[in-house]
Amino acid sequence: MVAVVLLAACASIGRPQGGERDELPPVFVHSDPAPGSLNFKGNRLSIYFDENIKMEDVMNKVVVSPVQKTPPSVIANGKRLSVEFRDTLVPDATYTIDFSDAIRDLNEGNILDGFAIDFSTGDKRDSLVIAGMLFEARNLEPAQGMIVGVYSNLSDTAITTLPFDRIAKTNQYGQFVLRNLAPGTYNLYAVNDLNRDYHWDRSEDVAFLGETVVPEVTGITVTDTLRASNGMDSIVMRQGVRYLPNDLLLTWFNENYRSQYLKNHTRIDSTRIAIEFGAPTDSLPEITLLNTPAAGRRLDEIARMDYSAAGDSITYWLTDRDVIATDTLHVAMRYLRTDTLDQLSWTTDTLRLLNRESSRFHKELDKRNKDREKLRKKLQEAGRDTIFTDKPAFITFEPSTRSNQELNRPLYITASQPLDTIYQDRIHLEMRVDTVWVDARPGAVARDSVNRQMRYVLDHKWKEGERYRLTIDSAAVTGIYGNVNEGSKIEFTVKSLEDYSNIRFKLSGIPEGEEMVVELLNAQDRPVATAPAIDGTATFTFVSPGTYYARAFVDTNRNGVWDTGNIAEKRQAEDVYYYSKKLALKKNWDLDQSWDLNELPIEAQKPEAIKKNKPKNRDRNNRNSSSDYDDEEEDDDDLYYPGRGSSGRNNGNNPLSGFGGPQGVQNVPTLRR
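**Q** Could you clarify how one ought to interpret the pairing of strand 40 (residues 527–532) in this entry?
**A** Looking along a regular strand, one sees the side chains alternate between the two faces of the sheet. In this structure, strand 39 (residues 516–521) lies alongside strand 40, joined through five bridges in antiparallel fashion. Bridge assignment links Glu 519 to a residue of strand 40, and that residue is Thr 530.

Structure below.
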């Protein structure tokens, strides 16, 4: 009977039951050649681990220093990892292969983070180290998989013309370790190297330290606790080393540089022309008609212009009947374009603008007329007659409010095309008093300053909690083509003061001489309101109940908006801070919240709930459904953060703990801006 049970057990394929889940990453066993080898002459390395491994995203995660034009072949087979170089190795150089978090065990997907191995093609091995963390400047998101590199050439143009001397990639926490540096002075940068040329192009994300770095190593005394077989602990002291600097903070930004060029041009229909550029423009293009009776005239003289919010496109609403009736327009367009020297210069193109809707319209019109003629004949045969008329093409002129109106905001009305005339006496606002509607004497409906052609504003001093009725008569507005609106009527209630919350942030730790701006954020990390900090206090009123977060930035140029950095000007993006907790606001609440900007280190400020680049300790596909392995439920204490101290576990999260990295290195201290 026992044999039968054993045979059945042997025939069952699957995970053994009752054992603990494997939580540990693969462990390095040995390599050929050995780590730190000198006078390496081959082109292949073999690295062995204590369990079967696999690789993830080798092309993006594995980097070699010095930089190679052709990346090596990296293949995992069982417990062995093979690296074959495809470029000739430089003589007398120390090479580092940084695997970042690409290595994981085959079964559970536990990640070996920060693993690197090095060797030298000469008779000496460089061993200095620079370490730190990289975040996005605007929102303090950990930068995952960005290249961090150094130049011994301290010229300002090195970042735009030369490949990095040595590189590393940030891991899932935004940590980086540049290993095996020679003694010297370096400039430190980070780049989102989209085209893999190992330097910065103006459209790419970039970070710079702003001061030179001189790596060094210092001796320290390390305390260890040893446990004897009888259970007694003893304290021993040993000598270790600390590689400095290990607390550098980089924040990446994008200069928002975009080459200026004519990206697209189209005639949407008979009345509209859309012009799109590669970047926002302050100088309007000069478009001259070459055909139609209006030949020689500028397009902006016979059209209404509507700009996109981004400022990179313009819609022209044609108003000349002869131009509208012409199916194909020929125009000369003079505009600014980025030339080969990266400068803006005027250029002229001849464009052909075809109304593609026209042919389809005429085909449908012919078909409709034929159908009408058939129906008319049938009605005549039946002794009946009829007159066919087209329904007038009305434009829409509708308010955004439907049921509740914000107490502190105007009422917005949107039109479906630019308007020629607004008849103010045909727009009525009434307030209900008891059961009677009374004229509320509204102000004039005016064009919105942001979108002057399509959105309109009715500004009124609302009475809280009251019921209003807006009536827009037929033909209250006339479009630029003479068509009018249909009548409409809506009723809505204005919110009461009790429907809102108020919150005041009292900031401390503001950098000396600087001004701050505070942003109230929603659960998607997007600003819903902005307020300046006046005498250290930022006040938000009329806040709807809900869950919010807060972010502050140093308003260096005092323009009220966050500004990015600039490499040529050596200007960093404006510094950002997060309030570390969520704010749950209820109706009729006043909240006074103290906020010490420096209470937590930068890397620990952003709340996990709104952080997008969250680390994972194992393959997402291999996690079970238990909340123990859910990203949202991950215990922060299990993660390595500089400045939080060591948990006493080598869980692979310390970027300096991988084999091939410095031995005896202490955890990275609190980052410094």
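There's more to say after this.
**Q** Please clarify how the side chain of Thr 292 should be interpreted in this entry.
**A** Here Thr 292 lies in the loop between strand 22 (286–289) and strand 23 (303–307). In this structure, Thr 292 is in contact with Val 323, Thr 326 and Leu 329, ignoring residues within four places of it in sequence.

**Q** Hey, could you run me through the sheet that holds strand 20 (residues 262–267) in this one?
**A** Strand pairing in a sheet relies on backbone hydrogen bonds. The paired strands run either parallel or antiparallel. Taking strand neighbours across the sheet as the criterion, the four strands line up as 20-21-24-23 in an open arrangement whose pairing is antiparallel. Every interior strand has two partners, whereas the edge strands, strand 20 and strand 23, have only one. Within the sheet, the average angular offset between the axes of one strand and its neighbour, ignoring direction, is 15 degrees. The pairing of strand 23 with strand 24 (residues 313–318) spans five bridges and is classified as antiparallel. Residue Asp 306 lies in a different strand from strand 24, and its bridge partner there is Thr 315.

**Q** Would you mind showing me how to read the environment of Asn 355 here?
**A** As for its position among the elements, Asn 355 is in the loop between strand 26 (344–354) and helix 5 (356–381). Residue classification places Asn 355 among the buried residues on the basis of a relative accessible area of 7%. A sequence separation of 88 residues divides Asn 355 from Arg 267, and the C-alpha atoms of the two residues are 5.6 Å apart.

**Q** Got a minute to help me understand the confidence of the model for the protein in this structure?
**A** Regions with low pLDDT carry predicted coordinates that are not meant to be interpreted in detail. Averaged over the protein, the pLDDT score is 85; the fraction of residues at 70 or greater is 83%. Here residues 384–391 scores under 50 on pLDDT; set against residues more than four positions off or in separate chains, the count is seven contacts. Taken together, the stretch residues 623–669 has pLDDT below 50 and engages in 106 contacts with residues farther than four places along the chain or on a different chain.

**Q** What am I meant to see in the nonpolar core here?
**A** For soluble globular proteins, nonpolar side chains are generally found buried alongside one another. Ranked by internal contacts, the top residues of the largest apolar core, which has 51 residues, are Phe 505, Phe 540 and Trp 595. A per-element tally of this core places strand 42 (residues 546–554) first, with six residues. Apart from the residues lying within four places of it in its own chain, the contact partners of Phe 505 are Val 518, Leu 520, Gly 536, Thr 537, Ala 538, Phe 540, Ala 550, Leu 583, Gln 593 and Trp 595.

Here is what the cut-offs are and how they apply
- Residues numbered from 1 in each chain as written.
- Predicted model: local features only at pLDDT ≥ 70, side-chain atom pairs only at ≥ 80, totals over all residues.
- Heavy atoms only, no water.
- Pairing = 2+ DSSP bridges.
- Helix = DSSP H or I, 4+ residues; strand = E, 2+ residues; numbered from the N terminus.
- Contact = heavy atoms within 4.5 Å.
- Axes fitted to C-alpha atoms, helices over the stretch in contact; angles between N-to-C directions.
- Buried < 20%, exposed > 50% of the residue type's maximum accessible area, 1.4 Å probe, protein only.
- pLDDT = per-residue confidence, 0-100.
- Core = buried A, V, L, I, M, F, W, Y, C linked by side-chain atoms within 4.5 Å.

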